[in-house]
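Observations on the three-dimensional arrangement
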Amino acid sequence: MIAAGGADRSLGGGGSTVVTVRGIVGLLRLATVIIGGGIVVAFTLAALGPRIAEIYAANESTAVEIDLEELALRTIVYDANGDEFDVLYGEQNRQLVELDQVSQALQDAVIAVEDEGFYEHTGIDAKAIARAFIRNVNAGGIEEGGSTITQQLIKNAVVGNDQDVDRKIAEAALARRLERQFSKEEILEKYLNTVYFGGGAYGIVAAAEIYFGTTPAELDYPQSALLAGLISNPSRFDPTLNPIASRQRRDLALGRLVAVGAITEAEAADYRAIPVPTERFVPSEWQPDNYFIEEVRRRLLEDPRLGATDEERAEALFSGGLRVYTTYDPAAYDAARAAVDRFSSSDERGFVGALASVEPGTGKVRAIIGGPGFEVDGYGEFNIATQGGRPTGSAFKSFVLAAAMEKGLVPSDQINGAATCSFDNPGGFPDPYRANNFGGANTGSVRSIRSQTLSSSNCAYLRLGQIVGLSNVADTARALGVTTDLSTLPISMPLGPFNVTPLDMATAYATFANDGLQVDPIFIERVEDRSGEIVFANEPNPSRAISVQSARLVTSVLEANVRGGTGTGAQISGQTAAGKTGTGQSFKNAWFVGYTPYLATAVWMGNPLAEVEMRGVRIPELGYKNGVTGGSAPAAIWSAFNEFYHADLDPRSFSAPAPTRSGKRVRTDAEEDSYNKALNTLCGSKDAEVDWDRDGVVDFCKDSGFMFDPSVGRCPSLLIPVDEDDDGKFDKCIPPPFNPTTTTTTTTTTTTTTTAPPTTTAAPTTTITTG
């Protein structure tokens, strides 16, 4: 350890005359040495000589204290646990550190190399200038500088690097004044936080990280000697650029440490055998491959609370020394990354997965996977989870369901899901608009909304969208958290043709889990300035999107969907879950969006750069898929991630909705018109009426009278019961032989035998369904 000087360490108060006299004597001695050094130096002295008094006049003046320029400091980003996990900086990567957090080895090395008399001089060191001059003359070049650490601090923080006499005069004068203003320890601390070490490292914190992957407190003597040797010429002595020159410079620094008694010659010999680093060390968590930190950076650069202009916000973010506290959960991120990688195809067509997880009630974003990673060629820093979005397919049906519940419908209401379904589409394309159910399935003519959801009936939801009103669906989706422009209101809206981001989908589904209260997603909890004052904070600001009852009804349906519908692949052990699959047209996009009481998560799979059909894809652990659906890989990713996330959480159930009325049949306007017309005819339509005897009276209906109805036990008017198997029971009804000459007799006879009056067709009877 280099011992601090005694009397000269404190320069305040009395004794200034003694200091001044001694300093003048030192300068005169310096002038003598310089004059003997040569003509060039003599001319320099001639310029300096008349102004030496200015240095001392400045020192003795009563001018205000020196205000060291506020240093550019990097911004530190913290995760949800309060741990540092990233830094943001521009040209200067700097973090302040107190001197007691810097190893003695580093302090000794810097003083030995840069300012051996640091603890003895008063800001300028005549001995050091003379010594440097002699060594440089003997070496035939500039090998050693004469500026003290205090002068270098003034140069770095106040006067700059201009090579002129005025700047040197100001530097010397201010250095002497600075010695009166701060203690030696304070000056050394400020210097170590200011000085440039190369490689973008400003200050000792960044230098220790970049060259050795350690902290200032852990630097040893060989490491410290290398860093001290960098200060005079960071690029020339950078070990990652010039390892031979760097090693030679380090060994010279070790020699200086021996000369001042900080280490022994034997120790120096051992240290010289240690190789210098040839690669810069950057901690893995600071690599720009984390989609979460990139989203934090993007949001801060767009936040007017950080500055009125782009330039002001960039300056604050990259040089302002901010402390940014985020909602990032590193364990959740690792689990999400593992789940996406586990079930993603290595197909050369570029299919990848994306994920966003939001905490219901708080909006805190816990994990973001925006693609394969920034290091993967061709993808850059595009974040599928938060930017652009993709068609959601049937995952959008949950918003139609929510709008229906808001309109007073209930899950037991019954709706027609038969395919193919057709809708007039004036002014749109195509007109009419036709659709089928997934895989061409006919999911039944009339079933409950719950049942139609579990089978993800396209035709049922297209009809439900018409019943509820597409503008209401769009309003509901926006209220839930979807930011995509939905104003065009296409008939296909319930089938998810719009591009929506996974973050929006997770936010909207989190609203269901939060009993209908929507909370905007939060990445940043608060930002503090370098002094610890809060610049701004983000608090949850819930707004009512849908009623509590509607939210719970939706959840009851989506919970049933995970138990026994299209979402069974997303089940997790020991925890209730609700969710919906989504499969885009021609398998170009696949989704699973779901939630538990703890977390809402959206998973997307596809090609982020183009619309590519996911046919003939082999998914790890799932095998060959002729078409990737939301219920396959996305549901598996969702399940794997949530299994990890909920492993240590107590099981929770969703709150049940209040009892509802009995279900009733619901119809589109077109269906309602057809139904009303049917009620106004005997058989439901004129085409179904049969006047067998041509007397102007309908005798039976084509669609309802030919098969025997055992529940009635007789045939409709004019039809004859037939016992085909001679078992004594009627099997069917048939028309009587037509005989126009005996119309009245036949009619009378038939009427006597079968007393039931003509009935309406079975079709309208079965469509008026309740229960």
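Residues numbered from 1 in each chain as written. Predicted model: local features only at pLDDT ≥ 70, side-chain atom pairs only at ≥ 80, totals over all residues. Heavy atoms only, no water.

1. Observations regarding the packing of aromatic side chains
Inspection of every chain in the model, using the stated rule, returns 17 aromatic pairs. With centroids separated by 5.5 Å and ring planes inclined at 65°, the aromatic side chains of Tyr509 and Phe512 adopt a geometry described as edge-to-face. Of this pair, Tyr509 and Phe512 both sit in helix H20 (residues 502–513), 3 residues apart, roughly one helical turn. Residue Phe512 is classed as buried on the basis of its relative accessible area of 1%. The structure contains a cluster of three or more aromatic residues connected by ring pairs, namely Phe396, Phe399, Tyr509, Phe512, Tyr595 and Phe654. Against the face of Phe118 rests Lys184, its NZ or CZ located 4.6 Å from the ring centre. (Phe/Tyr/Trp six-rings, centres within 6.5 Å; stacked < 30°, edge-to-face > 60°. Helix = DSSP H or I, 4+ residues; strand = E, 2+ residues; numbered from the N terminus. Buried < 20%, exposed > 50% of the residue type's maximum accessible area, 1.4 Å probe, protein only. Lys NZ or Arg CZ within 6 Å of the ring centre and 35° of its normal.)

2. What about the sheet that holds strand S3 (residues 323–326)?
Spatially, 5 strands are ordered S2-S1-S3-S13-S14 in an open sheet, and the strand pairing comes out mixed. Edge positions in the open sheet fall to strand S2 (84–88) and strand S14 (534–537), since each of these has one partner strand only. The sheet shows a mean angle of 20° between the axes of neighbouring strands, direction not considered. As judged from the 4 bridges shared by strand S1 (residues 75–78) and S2, these two strands associate in the antiparallel manner. Residue pairing across strands places Tyr78 opposite Glu84, the latter belonging to S2. (Pairing = 2+ DSSP bridges. Axes fitted to C-alpha atoms, helices over the stretch in contact; angles between N-to-C directions.)

3. Observations regarding the packing of helix H6 (residues 149–159) against helix H8 (residues 184–194)
One way to put it is that H6 packs onto H8 with a least axis distance of 10 Å and a crossing angle of 50°. In terms of orientation, H6 and H8 fall into the oblique class. Of the two elements, H6 crosses H8, and the hand of that crossing is left-handed. For the pair H6 and H8, the contacting residues are Ile149, Thr150, Gln152, Leu153 and Asn156 in the first and Ile187, Leu188, Lys190, Tyr191 and Thr194 in the second. (Parallel < 35°, antiparallel > 145°, perpendicular 65-115°, else oblique. Left-handed = near helix turned anticlockwise from the far one by under 90°. Contact = heavy atoms within 4.5 Å.)

4. Overview of the side chain of Glu671
Position of Glu671 among the secondary structure elements: in helix H23 (residues 669–679). With relative accessibility at 16%, the residue Glu671 sits in the buried group. In terms of polar contacts, Glu671 uses its side chain to reach the side chain of Asn416, at 3.2 Å. Within polar-contact distance, the side chain of Glu671 engages the backbone nitrogen of Thr668 at 2.9 Å. In contact with Glu671, not counting residues within four places along its chain, are Asn416, Arg463, Arg665 and Val666. (Polar contact = N/O pair within 3.5 Å; in protein donor to acceptor, adjacent residues only side chain to side chain.)

5. Looking at H20
In this model, H20 (12 residues) spans 16 Å end to end at C-alpha, consistent with the 16 Å of a helix rising 1.5 Å per residue. Taking burial as the measure, the 12 residues of H20 include 11 buried ones, the bulk of the element. For H20, the complete set of buried residues consists of Pro502, Leu503, Asp504, Met505, Ala506, Thr507, Ala508, Tyr509, Ala510, Thr511 and Phe512. Asp515 occupies a position one or two residues after H20 and carries a positive phi of about 55°. (Expected span 1.5 Å × (residues − 1).)

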